[in-house]
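Fold and contact review
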Amino acid sequence: MSNLSAVGDRDSWRCWLCDQPVDPDASVNSDLGPSVDLGAVKSKKSAGTERLAHRACNTRKGAVKPVVPWSPDLFVVDPAPIAETVERLGRKGGREVVARCPSRADADQAADWLVDRLSRFAPDLAVTAQVEPGGGQFLLALRTT
């Protein structure tokens, strides 16, 4: 599926790396223009899947694993790298602690955001988030389903 329009429609015209809208009418030479990333997240189910990205996001990533930032609106401590976590969970399954939060409300907000973000970043990886109290803080874990 190398047709830009088909990839854009499938991905709802959102950049899989930064999760921001991509203007389908922007020039492909513009930093915010649409491009197809041929080296997207590789899991057992979606090896080599083409994904929509801004040209600048795709260029910045290059041939290395993508860096997907956590939302700056979240209060998380020691957040795990999202792309590497997705790769491990896709390969091995199971459960992985991905962050610590100072309050239950912060952890619940981070859990909701992360599950929503992963639904677009790695749509073939089905995960649930768990919030567990411990040591005066709350641990946020992802589990494959």
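Just so we're clear, the structure is a prediction, and the values are computed from it rather than from any experiment.

**Let's talk about the pairing of strand 5 (residues 137–144)**
The side chains of a regular strand alternate between both faces of the sheet. As paired strands, strand 3 (residues 95–101) and strand 5 are joined by six bridges and run antiparallel to one another. Across the sheet, the residue bridging to Arg95 is Arg143, located in strand 5. Both strand 4 (residues 127–134) and strand 5 contribute to a ladder of eight bridges, which runs antiparallel. Bridged to Ala129 within strand 5 is Leu142.

**Quick look at the packing of helix 3 (residues 82–92) against helix 4 (residues 104–121)**
Viewed as axis vectors pointing N to C, helix 3 and helix 4 meet at an angle of 70°, and their least axial separation amounts to 12 Å. Considering the angle they form, helix 3 stands roughly perpendicular to helix 4. Two secondary-structure elements touch here, helix 3 through Ile82, Ala83 and Val86 and helix 4 through Trp113, Leu114, Leu118 and Phe121. In terms of residue class, the contact of helix 3 with helix 4 is made up of seven nonpolar, no polar and no charged.

**Quick word on the sheet that holds strand 3**
The strand order across the open sheet formed by three strands is 3-5-4, and the pairing between neighbours is antiparallel. Across the chains shown, the open sheet's two edge strands, defined by having one partner strand only, are strand 3 and strand 4. Each neighbouring strand pair of the sheet contributes to a mean axis angle of 25°, computed without reference to strand direction. Packed on one face of the sheet, helix 3 meets strand 3, strand 4 and strand 5 and runs near 155° to strand 3.

**Description of the side chain of His54**
In this fold, His54 is placed in strand 2 (residues 51–54). Taking relative accessible area as the criterion, His54 reaches 4% and is therefore assigned buried. Those residues within four positions of His54 in sequence are excluded, and the remaining contacts are Cys15, Cys18, Gln20, Pro21, Val22, Asp31, Leu32, Gly33 and Ser35.

**Focus: helix 3**
All buried positions along helix 3 are accounted for by Ile82, Ala83, Thr85, Val86, Leu89 and Gly90. Along the long axis of helix 3, the arc covered by the buried residues comes to 160°, so they all point the same way. Lining the buried residues of helix 3 we find strand 3, helix 4, strand 4 and strand 5.

About the thresholds
- Residues numbered from 1 in each chain as written.
- Predicted model: local features only at pLDDT ≥ 70, side-chain atom pairs only at ≥ 80, totals over all residues.
- Heavy atoms only, no water.
- Pairing = 2+ DSSP bridges.
- Helix = DSSP H or I, 4+ residues; strand = E, 2+ residues; numbered from the N terminus.
- Axes fitted to C-alpha atoms, helices over the stretch in contact; angles between N-to-C directions.
- Parallel < 35°, antiparallel > 145°, perpendicular 65-115°, else oblique.
- Contact = heavy atoms within 4.5 Å.
- Nonpolar A, V, L, I, M, F, W, Y, C, P; charged D, E, K, R; others polar.
- Buried < 20%, exposed > 50% of the residue type's maximum accessible area, 1.4 Å probe, protein only.
- Arc of directions from axis to C-beta.

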